[in-house]
Amino acid sequence: MFFLLVFQLEQSYLRAQWIVESSHTLPATVSSAVAISFSPCGTYIQSFQKASGDQKNFTIWNINTGVAVLLQSKKAFSKSSWPLIQFSQDETVACQLVTNEVHLFDAKDFSKGIVDRLRFPGIDGLQLSRAPPSHLATYVRENKGAPASVCIFSRLHLASSQPVARRSFFKASTANMMWNQGSTALLVVAHSDVDKTNKSYYGESRVHFLTTDGSHEGSVPLSKEGPVHDAQWSPTGKDFVVVYGFMPAKVTLFDTHCNPLFEFGTGSYNTVRWNPHGRFVCLAGFGNLPGDMAFWDRNTLKLLGTTKASCSVSSEWSSDGRYLMTATTMPRMQVDNGFKVFKYNGSLYFEKRIDKLYEVLWRPAVLGTYPDRPPSPSTVNGSEQGSQKGTMSAKATVKPAAYRPPHSSHTAAVRAQLFGEDPESSGELSKSALKNKKRRGKQKEKKEVPDSESVDMNAAVSELNEKLESVSVSPNSETRN
């Protein structure tokens, strides 16, 4: 059993609904909430409310008991820094970024307060490795000619403040850091707001790669020029997908040594979504793109199906890895709000329209709750499978037929009359053409076989003429008589 949490506007407050497969709903009111997020196992939910006086506006709730386990006051909120509390995959460790420091909590018991901290001046970004929670990654932006840097720290040796791996680079205004499963490698997508070559209005992007043992650090080789739209690790931790280049963007699968394994081809894509087991991957074009989606099987590298979800703002796989949810939400879209649920092969499973929708989330589940299931045999269509060459088209290319006007059914008969062609060789005859053919055949037979009476009359006339020619008449025979 899995759940969807939907936030919609009703009068002057937000209404949270649990939507189950049976369409049963359990309402709960969260006053003035502007953001919400689940913990990986679905034990906690954190919410941020608008500040009101001395009231603490950041809360972590225990879903099972409904009790607030952590209350804090926050002045500002940004989507880029949300969620404010990061959890490990097993929910044993939680951490929070504050000014020049990282605070760590015992996620099993928040009443202990801060159990450890890392002092790092100028820190601008933080990412906790989730499985296992053995390392912390920090980001410091460029400052006064000094390059930006990403450092990896061991969580068990924070007191020394010595990184186990480090990479510095220029052309980075912001950075998005992603850990693999196993906490052995880190992907960093660095973005600069300005492209000095003037090739892109949206700036420049680079993908950097680091390992926790320091054996490898460098840039991921990309074969097409242009921005990096998205990069995501497979939940298996053994490979990752990068969407990059000017439109149509190119999609490539890399291993943990940054070697390309497979080319998915090109298309109008800017988003990658792996299912929790790493079996299915969805390539999509959301935002200002038309919403094309392609569903692939990672194990067989076959295309399972394609579909479209226009105007989608967010997307997420269900905990069982069989369904993908897309949502059109406010404030980005003021109209056509709602969400759709697609099966792993792209077929539409469920759809609901809501007047004003703010966010839709799946409730997470502990890894291993749902088994990894292959595609059902009935849904695997040979015409929908992708080729090993990585073509993005699932169906064979069919040459469009030539245009034929509505009266073209009489073309065969007309050509037969005008040019003496065999109408049967020009295609099937219409009823009128077949009728005319029979009539012409009968007329031809009449010409070839003459009537018997006319034959006898002609014979008699010929015989009479022969007799008259054989009789000789004297010119004086009448006068003698």
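Residues numbered from 1 in each chain as written. Predicted model: local features only at pLDDT ≥ 70, side-chain atom pairs only at ≥ 80, totals over all residues. Heavy atoms only, no water.

Visitor: I'd like a rundown of the side chain of R167, residues and numbers included.
Guide: The residue R167 is located in strand 15 (residues 165–169) in this model. You can call R167 buried: its relative accessible area is 15%. There is a polar contact of 2.8 Å between the side chain of R167 and the side chain of E217. A distance of 3.3 Å separates polar atoms of two side chains, one belonging to R167 and the other to S219. (Helix = DSSP H or I, 4+ residues; strand = E, 2+ residues; numbered from the N terminus. Buried < 20%, exposed > 50% of the residue type's maximum accessible area, 1.4 Å probe, protein only. Polar contact = N/O pair within 3.5 Å; in protein donor to acceptor, adjacent residues only side chain to side chain.)

Visitor: Quick one: what's the story with the pairing of strand 10 (residues 101–106), residue by residue and with numbers?
Guide: By the criterion of burial, strand 10 is predominantly enclosed, with six of the six residues buried. Of the two faces of strand 10, the one lined by E101, H103 and F105 and the one lined by V102, L104 and D106 are each fully buried. Sheet analysis places strand 9 (residues 93–98) next to strand 10, joined by six bridges and oriented antiparallel. Among the inter-strand pairings, V98 is bridged to a residue of strand 10, identified as E101. A loop of two residues connects strand 9 with strand 10, the two strands running antiparallel in sequence, and N100 in this loop sits at a positive phi of about 65°. For strand 10 and strand 11 (residues 114–119), the ladder comprises five bridges, and the chain directions are antiparallel. Across the sheet, residue L104 finds its bridge partner in strand 11, namely D116. (Pairing = 2+ DSSP bridges.)

Visitor: Mind laying out the sheet that holds strand 12 (residues 125–128), listing which residues take part and the relevant values?
Guide: Within a sheet, neighbouring strands are paired by backbone hydrogen bonds and run either parallel or antiparallel to one another. In space, the four strands of this open sheet follow the order 12-13-14-15, with antiparallel pairing throughout. Where the open sheet ends on each side, the last strands, each with one partner, are strand 12 and strand 15. Taken pair by pair, the neighbouring strands of this sheet meet at an average axis angle of 15°, ignoring direction. Across six bridges, the pairing between strand 13 (residues 135–140) and strand 14 (residues 148–154) is antiparallel. (Axes fitted to C-alpha atoms, helices over the stretch in contact; angles between N-to-C directions.)

Visitor: Describe in detail the nonpolar core, supporting the description with residues and values.
Guide: Judged by nonpolar contacts, the single largest core of 16 residues is most densely connected at V241, V251, L253, F264, V272, L283 and W296. The residues touching V272, leaving out its near neighbours within four places in the chain, are D230, Q232, V241, V243, V281, C282 and L283. (Core = buried A, V, L, I, M, F, W, Y, C linked by side-chain atoms within 4.5 Å. Contact = heavy atoms within 4.5 Å.)

Visitor: Any chance you could break down the packing of aromatic side chains for me, citing the residues and the numbers?
Guide: What the rule picks out here adds up to 18 aromatic pairs. For the ring pair F87 and F110, a centre distance of 6.1 Å and an interplane angle of 75° mean the geometry is edge-to-face. Of the two residues, F87 is situated in strand 8 (residues 85–87) and F110 in the loop between strand 10 and strand 11; the sequence distance between them amounts to 23 residues. By relative accessible area, F87 is classed as buried at 7%. Given the relative accessible area of 7%, F110 is considered buried. Centroid distance F209 to F240: 6.3 Å. Interplanar angle 20°. Geometry classified as stacked. On the criterion of sequence distance, the pair formed by F209 in strand 18 (residues 204–211) and F240 in strand 21 (residues 239–244) is long-range, its members being 31 residues apart. Each residue in the set Y44, F87, F105 and F110 is aromatic and connected to the rest through ring pairs, giving one cluster. (Phe/Tyr/Trp six-rings, centres within 6.5 Å; stacked < 30°, edge-to-face > 60°.)

Visitor: Tell me about the sheet that holds strand 28 (residues 314–317), and please be specific about residues and values.
Guide: Across the sheet, which stays open at both edges, the four strands sit in the order 28-29-30-31 with antiparallel pairing between neighbours. Both outer strands of the open sheet, strand 28 and strand 31 (348–353), are each paired with one neighbouring strand and no more. Neighbour-to-neighbour, the strand axes of this sheet turn through a mean angle of 15°, independent of strand direction. Pairing of strand 28 with strand 29 (residues 323–328), which is carried by four bridges, proceeds in the antiparallel orientation. Across the sheet, the residue bridging to S315 is T326, located in strand 29.

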